[in-house]
Amino acid sequence: MSIIVDDLVYVYHQGTPLETEALKGVSMEANPGEWVSVVGHTGSGKSTLAQHLNALLVPTKGKVEVDGILVGDDTREHRKIRQRVGLIFQYPEQQLFEETVFAEVAFGPRNWGVSEEEIPVRVREALQAVGLDESFWERNPFQLSGGEKRRVAIASILSIRPRYLVLDEPTAGLDSKGRDELCSLLRQLKVSGTGIIHVTHDLELALEYSDKILVLESGKALFWGSPEVIVEELIEREIEGLVVPPVVELARRLRDVGFDVPVTWKAQTLASAIEEKFQK
């Protein structure tokens with residue numbers, strides 16, 4: 001089973017003077033236990049695509065399918081999709097509203113009809129997954145640190161046990177420590193079988209963690225493939241709003257002056273290749 005996006009077109013304000021084609025024939029696939037990054041500058045269509053994966057938006061043309069269930073006009077099917085796909089917006093801590101962490105994390109399962117006996121199990125499981133223990137249950141989420149708030153917000157989605165987790169710029173506003181901790185958490189979820197769809201403008205982060213990357217520009221899919229494939233494409237073409245990692249840029253310049261080195265985002269890999277060349 002998987003999420004399949006096939007030739008997706010989406011038009012905002014269709015039939016009005018404000019009509020805008022936000023997605024122009026985008027295709028991709030994401031599987032459980034796989035990390036897929038959607039990369040592009042502001043306005044490239046990343047968030048619009050993310051909202052289709054959770055059935056918040058319905059395709060104008062093309063197809064979005066989640067484990068065989070089509071995103072379409074049947075809202076009863078959309079409920080099934082949202083049980084499978086958890087969507088976490090940028091700055092998810094701004095969506096907190098309950099008075100205790102327990103109530104916040106329990107809200108989703110209760111809304112889906114999970115029994116009261118099962119609720120504490122779901123809450124404990126979700127909070128443990130984000131590194132928070134039972135001492136947080138009765139704390140006010142609004143009095144937590146910024147990083148803890150984000151963990152609670154993510155736990156509130158994990159408590160519904162989604163098969164896929166779609167995150168729209170999840171590292172926004174985090175310092176390097178917070179970013180590393182969040183990525184470590186997502187990697188653990190991936191290993192446990194959760195599909196991660198990571199929407200980001202941070203190309204370096206996408207190259208580091210992804211199995212597959214989709215590069216969008218002005219609503220169009222430019223590149224789709226493994227990080228190794230994508231990085232080769234990116235040294236040949238500059239993409240508006242995307243910053244190529246310094247290691248990739250250095251590798252490109254070395255190639256330009258005649259050094260046969262791999263194009264890589266990994267500093268150690270490039271350093272080893274350079275050392276090998278000088279030892280010959």
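Residues take numbers from 1 onward in each chain, read along the sequence in its written order. Given that the model is predicted, a residue must reach a pLDDT of at least 70 before its local features are reported, and side-chain atom pairs must reach 80 or more before they are shown or counted; all residues, however, enter totals for whole chains, interfaces and linings. Computation of side-chain values covers all heavy atoms of the structure but excludes hydrogens and water.

### Side note on the nonpolar core
Phase 1 of the analysis: Definition of nonpolar core: a set of buried residues of the types Ala, Val, Leu, Ile, Met, Phe, Trp, Tyr and Cys, connected through side-chain atoms within 4.5 Å. Remark: exposure states derive from per-residue accessible area (1.4 Å probe, protein chains only) relative to the maximum for the residue type, with buried under 20%, exposed over 50%, and partly exposed in between. Counting 33 residues, the largest nonpolar core has Val105, Val123, Leu127, Val130, Leu165 and Leu186 as the members making the most contacts within it.
Phase 2 of the analysis: Strands here are runs of E lasting at least two residues and helices are runs of H or I lasting at least four, both read from the DSSP assignment and numbered beginning at the N terminus. Of all elements in the fold, only α3 (101–111), α4 (119–129), α5 (146–158), β7 (164–168), α6 (176–191) and α7 (203–209) reach the threshold of two or more residues within this core.
Phase 3 of the analysis: Ignoring sequence-local partners within four residues, the contact set of Leu186 consists of Trp35, Leu165, Leu167 and Ile196.
Phase 4 of the analysis: The next biggest cluster of nonpolar side chains, apart from the first, holds 28 residues, and it includes Leu23, Ile81, Val166 and Leu216. The contact definition used throughout considers only heavy atoms, calling two residues in contact when any of these lie within 4.5 Å.

### Focus on the UniProt feature "domain: ABC transporter" (unreviewed entry) in the protein
Phase 1 of the analysis: UniProt positions are given in the numbering used here, feature names are shortened, and annotations may be inferred rather than shown by experiment. The sites that carry the UniProt feature "domain: ABC transporter" (unreviewed entry) are, in the present numbering, residues 3–243.
Phase 2 of the analysis: Between the C-alpha atoms that bound residues 3–243 there is a distance of 28 Å. The span itself is 35% helix and 25% strand.

### Concerning unusual backbone geometry
Phase 1 of the analysis: The backbone of Asp7 sits at a positive phi, close to 55°, despite the residue not being glycine.
Phase 2 of the analysis: Here Asp7 is to be found in strand β1 (residues 3–12).
Phase 3 of the analysis: Here Arg161, not a glycine, exhibits a phi torsion of approximately 55°, which is positive.
Phase 4 of the analysis: For Arg161, the position within the fold is in the loop between α5 and β7.

### Examining the pairing of strand β4 (residues 61–66)
Two faces, one strand: in a regular strand the side chains alternate between the faces of the sheet.
Phase 1 of the analysis: Strands pair, by our definition, only if DSSP identifies at least two bridges between them. The sheet contact formed by β1 and β4 spans five bridges and is antiparallel. If you follow Ile3 over to β4, its bridge partner there is Val66.
Phase 2 of the analysis: Where β4 meets strand β5 (residues 69–70), two bridges bridge the pair, whose relative direction is antiparallel. Note that in β5 the partner of Glu65 across the bridge is Leu70.

### Describing the sheet that holds strand β9 (residues 212–217)
Phase 1 of the analysis: The strand order across the open sheet formed by six strands is β6-β7-β8-β3-β9-β10, and the pairing between neighbours is mixed. Two strands in the sheet have a free side with no partner beyond their single neighbour: β6 (85–88) and β10 (220–225). Neighbour to neighbour, the strand axes of the sheet diverge by 15° on average, direction disregarded.
Phase 2 of the analysis: As defined by bridge partners, β9 adjoins β10 across five bridges and the pair is classed as antiparallel. Opposite Ile213, over in β10, you have Gly225 as the bridge partner.
Phase 3 of the analysis: Interaxial angle, 0 to 180 degrees, is taken between N-to-C directions of lines fitted to C-alpha atoms, where a helix line uses only the stretch in contact. Of the strands in this sheet, β6 and β7 touch α5, which is tilted by about 160° from β6.

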